[in-house]
Amino acid sequence: TEPFPGAHFATFPPDLVEPCVAAGTQVGDSVIDPFFGSGTVGEVCTKMNRKFVGIELNEEYALLARRRLGWRT
């Protein structure tokens, strides 16, 4: 894990997510993250020109992810 300000304890580093996204998708493909947390997968997908759907039940984490991704909250 990697620290992220305001995030929960299990924030994955983008360097761990990037090879997984690259191996399983092509530019323009979509990725689903059913445990979105702080939004690392969304951040990586945006950087790598992939679409994504993030699902997060905890509203605090969902708000954190929206802020991280620059979405209006």
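Structure's up top.
Residues numbered from 1 in each chain as written. Predicted model: local features only at pLDDT ≥ 70, side-chain atom pairs only at ≥ 80, totals over all residues. Heavy atoms only, no water.

Undergrad: Would you take a moment to explain the packing of aromatic side chains for this structure?
TA: Any two aromatic rings considered together are summarised by their centre-to-centre distance and by the angle between their planes. Enumeration over the complete set of coordinates arrives at two aromatic pairs. Judged by centre distance (5.7 Å) and plane angle (15°), the ring pair of Phe36 and Phe52 falls under stacked. With Phe36 in the loop between β1 (30-33) and α2 (40-47) and Phe52 in strand β2 (residues 51-54), the pair connects residues that are 16 residues apart, well separated along the chain. In terms of burial, Phe36 and Phe52 fall into one category: buried. Members of the aromatic cluster, connected to one another through ring pairs, are Phe36, Phe52 and Trp71. (Phe/Tyr/Trp six-rings, centres within 6.5 Å; stacked < 30°, edge-to-face > 60°. Helix = DSSP H or I, 4+ residues; strand = E, 2+ residues; numbered from the N terminus. Buried < 20%, exposed > 50% of the residue type's maximum accessible area, 1.4 Å probe, protein only.)

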